[in-house]
Structure formats: C-alpha cells, structure tokens
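Architecture at a glance
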Amino acid sequence: MGRSKTLFTLVALLGLTTAAIAETKYTSIMTGISVGKGRTHVWEVLTKTFKASQIRIKKGEEYKPIRWATIPSYVTVTFTSKNDKITRSQVEKAVKAPPESKERYLVWRLEKVK
C-alpha cells in the first residue's frame, strides 16, 4: 500500500513539473488601457484567447521610448501561456478596445521572457 502511494505521488509531481516547463512567459507594452474596464477587458481576452495565466497589469511610471515614439502613458502586461508562438499582432487583434471605449488599444511590444 505504501509503495503505490509513493509512486502515485511521484507521478503527480512529475505531471506538475512537466506542465510548468511547457509554459512561456510574455511581457507586453500596451497603450490606451484604462484603469478599470480596460484592464478587466485585457485580462478576460488574454485568458480566453491564449489561455493565459499569472496575468499582471502594471501602470508605467516613466516615459518609454519605443520604436519611433515616446509613450507617456502605458501599461506593462506580463502573462504566461502554453502557446509559445504568440505574436504582437495576434495580441493586438485580440485585445482591441471594446465598442463602448473611446480609446484605441495598441500593443507596442511583445517579448518572450527567458
């Protein structure tokens, strides 16, 4: 009885370890996202579209030079997903602003975190 319980525990731990290894962490810079409904919308879309987890949305504190612009107001979105082939354009299409929003949500950068 003790041996089968130990074997079951090892198999369960191996399964958890394998699942954790298969996830990719992403960091993204987005603009146009409001504090309340905007963040909720981004959270829901990332969860449904990319099966994202561990989502963190943090307001940027300083001006950020990206590409050809310096962005005064932005959020940094960090999430993990089992999909390791997510692109910036896919995220931008998915998180487009809801119809009631007057803002346009832009995804300036999406990077895999090593």
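Residues numbered from 1 in each chain as written. Predicted model: local features only at pLDDT ≥ 70, side-chain atom pairs only at ≥ 80, totals over all residues. Heavy atoms only, no water.

Things to note about the pairing of strand β1 (residues 24-31)
Within β1, six of the eight residues are buried, which leaves the element mostly enclosed by the surrounding structure. Inspection of the sheet shows β1 paired to strand β5 (residues 75-81) by seven bridges, in the antiparallel sense. Counted as the bridge partner of Met 30 is Val 75 from β5. Where β1 lies against strand β6 (residues 106-113), seven bridges are found, and the strand directions are antiparallel. The partner of Ile 29 across the bridge, within β6, is Arg 109. (Buried < 20%, exposed > 50% of the residue type's maximum accessible area, 1.4 Å probe, protein only. Helix = DSSP H or I, 4+ residues; strand = E, 2+ residues; numbered from the N terminus. Pairing = 2+ DSSP bridges.)

Overview of the confidence of the model for the chain
Averaged over all residues, the pLDDT of the chain is 83; the fraction at 70 or higher stands at 82%. Across the chain, β5 holds the top mean pLDDT of 95, while helix α1 (residues 2-21) sits lowest at 55. (pLDDT = per-residue confidence, 0-100.)

Considering the nonpolar core
One finds Met 30, Val 42, Leu 46, Val 77, Phe 79, Val 91 and Val 95 to be the most contacted residues of the largest nonpolar core, which totals 19 residues. Taken together, the elements giving at least two residues each to this core come down to β1, α2 (37-50), β2 (53-59), β5 and β6. For this core, the element with the highest residue contribution is α2, accounting for four residues. Listed in part, the six residues of the second largest apolar core include Ile 29, Ile 66, Ala 69 and Tyr 74. (Core = buried A, V, L, I, M, F, W, Y, C linked by side-chain atoms within 4.5 Å.)

A few points about the sheet that holds β1
Ordered in space as β2-β5-β1-β6, the four strands form an open sheet in which the pairing is antiparallel. With partners counted over all chains shown, the strands left at the sheet margins are β2 and β6, one partner each. Looking at each pair of strands side by side, their axes are set apart by 15° on average, direction ignored. Sheet topology places β2 next to β5; five bridges connect them, and they run antiparallel. Residue pairing in the sheet places Ile 57 in a bridge with Val 77 of β5. Along the sheet, α2 makes contact with β1, β2 and β5, crossing β2 at roughly 155°. (Axes fitted to C-alpha atoms, helices over the stretch in contact; angles between N-to-C directions. Contact = heavy atoms within 4.5 Å.)

A word on the pattern of salt bridges
This structure, assessed with the given rule, holds three salt bridges. Here Asp 84 and Lys 85 are joined by a salt bridge, their closest N and O atoms 3.6 Å apart. Assessed through its relative accessible area of 35%, Asp 84 is described here as partly exposed. In this structure, the salt-bridge partner of Glu 92 is Arg 88, at a minimum N-O distance of 3.4 Å. (Salt bridge = Lys/Arg side-chain N within 4 Å of Asp/Glu carboxyl O.)

Let's talk about the environment of Glu 61
When you line up the elements, Glu 61 lands in the loop between β2 and β3 (64-66). Along the backbone, Glu 61 and Pro 72 are eleven residues apart, and their C-alpha atoms lie at a distance of 8.7 Å.

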